[in-house]
Amino acid sequence: MPQPNMQKMLKQVQRMQADMMAAQERLKDEVVEATAGGGMVTVKISGDLEIKSIAIDPEAVDPEDVEMLQDTILVATNEAIRAAQELAERRLGGITGGLGGPGGLGGLGLPGF
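Right, let's walk through the structure included here.

Conventions we followed
- Residues numbered from 1 in each chain as written.
- Predicted model: local features only at pLDDT ≥ 70, side-chain atom pairs only at ≥ 80, totals over all residues.
- Heavy atoms only, no water.
- Patch = residues over 30% accessible without salt bridge, like charges linked within 9 Å, V, L, I, M, F, W, Y side chains within 5 Å.
- Areas by Shrake-Rupley, 256 points an atom, 1.4 Å probe, with all protein chains shown as cover.
- Salt bridge = Lys/Arg side-chain N within 4 Å of Asp/Glu carboxyl O.
- Helix = DSSP H or I, 4+ residues; strand = E, 2+ residues; numbered from the N terminus.
- Buried < 20%, exposed > 50% of the residue type's maximum accessible area, 1.4 Å probe, protein only.
- Pairing = 2+ DSSP bridges.

Some remarks on a nonpolar patch on the surface
Okay, so step 1: Side chains of Ile51, Ile54, Ile56 and Val61 sit close together on the surface and give an oily, nonpolar patch of about 320 Å² of accessible area.
Okay, so step 2: Relative to the assigned elements, Val61 resides in the loop between strand S3 (51–56) and helix H2 (66–96).

Examining unusual backbone geometry
Okay, so step 1: Unusually for a residue other than glycine, Leu49 sits at a positive phi of about 70 degrees.
Okay, so step 2: Relative to the elements of secondary structure, Leu49 occurs in the loop between strand S2 (41–46) and S3.
Okay, so step 3: Accessibility expressed as a relative area gives 35% for Leu49, which makes it partly exposed.

Brief notes about the pairing of S2
Okay, so step 1: Within S2, five of the six residues are buried, which leaves it mostly tucked inside the rest of the structure.
Okay, so step 2: One ladder, built from six bridges, connects strand S1 (residues 31–36) with S2; its direction is antiparallel. Pairing of Thr35 across the sheet is with Thr42, part of S2.
Okay, so step 3: Between S1 and S2, which pair antiparallel one after the other, the connecting turn spans four residues, and Gly37 there sits at a positive phi close to 65 degrees.
Okay, so step 4: Hairpin connection of S2 to S3: four residues between the antiparallel strands, including Leu49 at a positive phi of 70 degrees.

Written out as structure tokens, the structure reads:
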């Protein structure tokens, strides 16, 4: 069985790392949106998991039921995070070619997601 060309493998890993870093930079500019409570709360979050905005319909504000509004914000935020993580996985997963671990480069010490 022939030995793998280590220099070629290293170049491939370096190219993957550069592609991954570029994809992670692009994720900062992509925004996903999630709503809860029938659209009463909308959360926008970037692909690098930075919350960009939270919009609350004034009709959702009931001083007698603050807990419901808190729960609705929580649901919308968690859904937005999940959507952003899925976006990142789609963008970064193709680069790593399924090398395992979050972002695909698990134990290689390369930037992962």
